[in-house]
Each structure stands twice: as structure tokens, then as C-alpha cells.
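Spelled out, the chains give:
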Amino acid sequence: MTQSNPVNDTKAERHKARQQKVKEGVDAKIAAAQEEKGILLVLTGNGKGKSTSGFGAVTRCVGHGQKAAVVQFIKGGWECGERNLLEKVGVDFYVMGTGFTWETQDREKDVAAAESAWQDAEKLLKDESLNLVLLDELTYMVTYKYIELERVIEALKNRPPMQHVIITGRACHREIVELADTVSEVQPIKHAFNDGVKAQIGFDY
């Protein structure tokens, strides 16, 4: 017959009491959070993984039988593994197409491409059939002044009430951050590229 150990029993009781308090706190927050609305999520910061996270949310959305669309700024002609997959399940993609601005070195061309992509975005942000819109790398367009901040703010404020929007990119403008419901900042600790490791298909794009 196994004998009870008073020390272990006391530890177990204390652990149970602590976890019960945690549970009560979580349950109270869940009970208080009853509102349903379209969420504006900003994924910013200098670390890797912002777009990947955004595409994960798009995958989750369509996995529940909902409808999503993506506008890709910056990425241009790069092959996109997420696009290869998500287009097959009905996700529409709108791609700026000119690629990285340091490659084109043509501001006029970049502004025109950004304007075209933003016009697509504005249509999506009026589409009540869309549960989620991903505006990938939009922050750069505002930073470079390719797209007016006021137009972005207006479109976000006037979108369908239940439409979720995700904006990714570094240095998100403070007005967009203030408007957002949720903001996550991805910070770099280490990055393989800085040690000479090239971007690799299936992992980086």
C-alpha cells in the first residue's frame, strides 16, 4: 500500500489552488468578452514571420468555410507558396507586381503599381461577402507615401462591420496602430540571412 507523502500532498494542493485561481480569472474574461465585430489586426516589427502569420489566419478562415482575399504589396514576382495553395481553395490574390522598391528604382512605376493594388484593396474592403482581408506589406506603401494614409484610414473605418482585416509590415504608422483592435510586434533575435543563409523555397517563400 502506497503511503501518502505530506510534503507532496501540500505541493499538490497549492498547485491546484493556484490553477483554480487562474481558471477563475480566465473564465471571468471569457464571460466578459461577448461582443462580436470585425477585428483589425496589425502585425508589425522588424522580425521574420509577419506575413506567414497573416497567411495562417487566412488558412484558418477558409478552413471554416469562410471567404478571404489577399492583396500583396512589395513581393512582386516572387513565387509564393501560400498563394499556390490558397488560390486552389478560392482565395483571390491581388499582387502589386513590381517587387521590392530597391529593385525597380523607379518611384513613378512603384506609385502607379501601388495605386492599382490599393484600388483592388478598396473594393475588397467594401465587400460584405469577405470575412477576412489580408493587406500584406501595406505599411511600406504608407511609409513611402505611395498611398495616402487618410485613404487607408477611411477605408478601414468604413469597411463592413463584421469584416476582419490583417495588415502586415514594418514600421506601421501610429494612426493605424491606434485604430487597430489587436497589434503584435515581431522582434528579431537572430536571423539566418544575416549569417549568409539564402531565402529558401518552402520555408521563406
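None of these values were measured; they are calculated from a predicted model.

A. Focus on the pattern of salt bridges. Tallied over the entire structure, the rule returns six salt bridges. The residue Lys48 makes a salt bridge to Asp204 at a minimum N-O spacing of 2.8 Å. Of this pair, Lys48 sits in the loop between β1 (40-44) and α2 (50-63) while Asp204 sits in the segment after β6 (182-185), and the two are 156 residues apart along the sequence. Given the relative accessible area of 41%, Lys48 is considered partly exposed.

B. Structural view of the pairing of β1. Within β1, five of the five residues are buried, which leaves the element mostly enclosed by the surrounding structure. Burial along β1 is two-sided: the residues Leu40, Val42 and Thr44 and Leu41 and Leu43 are all buried. Here four bridges tie β1 to strand β5 (residues 164-168), and the two strands are oriented parallel to one another. Its bridge partner being in β5, Leu43 is matched across the sheet by Thr168. Bridge count for β1 against β6 is four bridges, and the pairing is parallel. Across the sheet, residue Thr44 finds its bridge partner in β6, namely Glu185.

C. Structural detail: helix α7 (residues 149-157). Residues Leu149, Val152, Ile153, Ala155 and Leu156 constitute the buried set of α7. Relative to the axis of α7, the buried residues are bounded by an arc of 165° and lie together on one face. Set apart from the buried face of α7 by more than 90 degrees, the exposed residues are Glu150, Glu154 and Lys157. For α7, the secondary structure elements touched by its buried residues are β1, α5 (107-124), α6 (138-143), β5 and α8 (174-179).

D. Spotlight on unusual backbone geometry. A positive phi angle, close to 70°, is found at Glu137, a residue other than glycine. The phi dihedral of Lys145 is positive, around 65°, even though this residue is not glycine. Checked against the element boundaries, Lys145 lands in the loop between α6 and α7.

E. Representation of the side chain of Gln163. Tracing the chain through its elements places Gln163 in the loop between α7 and β5. Beyond its immediate sequence surroundings of up to four residues, Gln163 is in contact with Gly38, Ile39, Leu124, Leu125, Asp127, Leu130, Asn131 and Val133.

Cut-offs used in this document
Residues numbered from 1 in each chain as written. Predicted model: local features only at pLDDT ≥ 70, side-chain atom pairs only at ≥ 80, totals over all residues. Heavy atoms only, no water. Salt bridge = Lys/Arg side-chain N within 4 Å of Asp/Glu carboxyl O. Helix = DSSP H or I, 4+ residues; strand = E, 2+ residues; numbered from the N terminus. Buried < 20%, exposed > 50% of the residue type's maximum accessible area, 1.4 Å probe, protein only. Pairing = 2+ DSSP bridges. Arc of directions from axis to C-beta. Contact = heavy atoms within 4.5 Å.

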